[in-house]
Amino acid sequence: MALRVSNSRLTRTDRSVYARRPASETVCKFWAMGRCLKKECRFLHADPEQKTLALMEEKAKSIGKASDSATVNVNVEKSIGTHKEKAEAEAVCKFWADGKCVRRRCPYLHSWFRGDGFSSLAKLQGHKKGITGIVLPEGSSSLYSAAKDGTVRVWDCNTGECSRVINLGAEAGCLISKGVWIFCGASNLVKAWNIESNAEFTLAGPVGQIHAMEIGNDMVFAGAEEGVIYVWKGKACSDAKANPFHPHQALRGHTAAVVSLRVGNIRLYSGSMDHTIRVWNLDTLECAMTLNGHSDAVTSLICWTTFLISCSLDHTIKVWTMCKGGNIEEIYTHTEEDGLLALSGMHDAEDKPVLLCSSKDNSVRIYDLPSFDERGRLFAKREVRAIQVGLGGLFFTGDETGGLSVWKWLEPAVKQES
């Protein structure tokens, strides 16, 4: 018995892969960017969480029983609560950052900060590569920033506009200021500018990339890639055109690049890629001791009253103090999930001490001191390697994209008397 084979053709709809495949639980990446043009896309055009909520709401309507409806409402509320917890995830939505997020309930942050008591004032754009230093000299109406693009930019604090660009001809590694002086370290180069007289000088002697600079006891210190700390002595000159900074000494002891420097408590502290902190006597410029608490590069140092605070790529912040006999000992260690890059300390609008610490996860954590309780975070597109505090509750961050952010502590609300 012969079998009859139908000659009728399948229509496009019958042959469609969308009719034969089960619905995918994957969200369409083109829909997420607002660009999907398919009539029958096999991927979801909704967040899985939103789809679940919609089904639960439909179920609640169809059941029609108060008890069941209440149960569903509880489940819906629990799901919304879970969504809120996800929104606390420490990640900024990359689509929102590019102005392309179309989700109604995105599980990622749509803000450059989390926390209370501070706000974002401005985003200054101009640098083409990562920012390595920011300074706001006392009494100046200009903000200065240096970057790996080989420039120092001068920003008008009143308008936020860039008023001047200084080309260094080499990648800037750091930027500091003291009084009327601004110093910038670059490859085989240290530049000095007097913002009152507009005089510019080049400090002789450095070799290699300069990663960190500091000023103390009428001396300028520069940490270089070979582990050397170059020292210049400053002298007052009657001739305004004469270079007042003269090579004085080179401090040796570190076995890898010096990436952080800090003067405090009549000492110079240096942090290195060799995992150590060296303590130098400011009068004799001799190394008094070596601190070995970190297991990776010591990326930043600050002095807070009688304490030394350090952070490292080993994920830790360490607090050190002077003990009897002159030794410096570690008294506290705070650990994070990622390597740490830069530290800065200040007081908030209520005069409470806070510590700012940037991390390799593209955020800056804000801690209350001395508890180290986290009170907020700042976020960036890339790692933040420059943090600077200013007067009037201002503080600044610079990231690896070249973006410079201006932040401010908010004045506490006036309490109404009951």
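What comes next is a walk through the structure. Bear in mind the structure is a predicted one, so any value in this text is a computation, not a measurement.

1. Quick look at the overall build of the protein
Okay, so step 1: If you tally the helices and strands in the protein, you get six helices and 29 strands.
Okay, so step 2: When each of the 418 residues of the protein is scored for burial, the buried share is 44%.
Okay, so step 3: A separation of at least 24 residues holds for 40% of the contacts in the protein among residues at least 6 apart in sequence.

2. Section: the sheet that holds strand S15 (residues 258-264)
Okay, so step 1: The sheet built from four strands is open, its strands ordered S15-S16-S17-S18 with antiparallel pairing. Lying at the two open borders of the sheet, with one neighbouring strand each, are S15 and strand S18 (287-291). Each neighbouring strand pair of the sheet contributes to a mean axis angle of 20°, computed without reference to strand direction.
Okay, so step 2: Direction of pairing for strand S17 (residues 277-281) relative to S18: antiparallel, over a ladder of four bridges.

3. Some words on the environment of Val207
Okay, so step 1: For Val207, the position within the fold is in the loop between strand S10 (200-203) and strand S11 (210-216).
Okay, so step 2: For Val207, a relative accessible area of 48% translates into the label partly exposed.
Okay, so step 3: Each C-alpha atom, one on Val207 and one on Glu225, is 8.3 Å from the other, the two residues being 18 residues apart in sequence.
Okay, so step 4: Here Val207 is in contact with Asn188, Ala224 and Tyr230, once residues within four sequence places are set aside.

4. Topic: the pattern of salt bridges
Okay, so step 1: A full pass over the atoms with the stated rule returns 15 salt bridges.
Okay, so step 2: One salt bridge in this structure joins Glu330 and Lys318, with 3.1 Å as the shortest N-O distance. Within this pair, whereas Glu330 is found in strand S22 (residues 328-335), its partner Lys318 is found in strand S21 (residues 316-322), the two being separated by twelve residues in sequence.
Okay, so step 3: The closest approach of N and O atoms between Asp368 and Arg375, which form a salt bridge, is 3.0 Å.
Okay, so step 4: On the basis of relative accessibility, which here comes to 22%, the residue Asp368 falls in the partly exposed class.
Okay, so step 5: It is possible to trace a salt-bridge network through shared partners that takes in Arg114, Glu336, Asp361, Arg365, Glu374 and Arg377.

5. Some remarks on the side chain of Ser119
Okay, so step 1: Within the secondary structure, Ser119 is located in strand S2 (residues 118-124).
Okay, so step 2: Its relative accessible area of 18% is what places Ser119 among the buried residues.
Okay, so step 3: Setting aside residues up to four positions removed in sequence, Ser119 forms contacts with Phe113, Val406, Trp407, Lys408 and Leu410.

6. A short note on the sheet that holds strand S1 (residues 113-115)
Okay, so step 1: Read from one edge to the other, the open sheet built from five strands follows the order S1-S26-S25-S24-S23, with strand pairing classed as antiparallel. The open sheet has two edge strands, S1 and strand S23 (340-347), and neither has a second partner. Going from strand to strand, the sheet's axes swing by 20° on average, the running direction of each strand aside.
Okay, so step 2: In the sheet, strand S25 (residues 363-368) pairs with strand S26 (residues 374-379) via five bridges, with the strands oriented antiparallel. By the bridge assignment, Val364 is partnered in S26 with Leu378.

Cut-offs and rules
- Residues numbered from 1 in each chain as written.
- Predicted model: local features only at pLDDT ≥ 70, side-chain atom pairs only at ≥ 80, totals over all residues.
- Heavy atoms only, no water.
- Helix = DSSP H or I, 4+ residues; strand = E, 2+ residues; numbered from the N terminus.
- Buried < 20%, exposed > 50% of the residue type's maximum accessible area, 1.4 Å probe, protein only.
- Contact = heavy atoms within 4.5 Å.
- Pairing = 2+ DSSP bridges.
- Axes fitted to C-alpha atoms, helices over the stretch in contact; angles between N-to-C directions.
- Salt bridge = Lys/Arg side-chain N within 4 Å of Asp/Glu carboxyl O.

That's the geometry; what it means functionally is another story.
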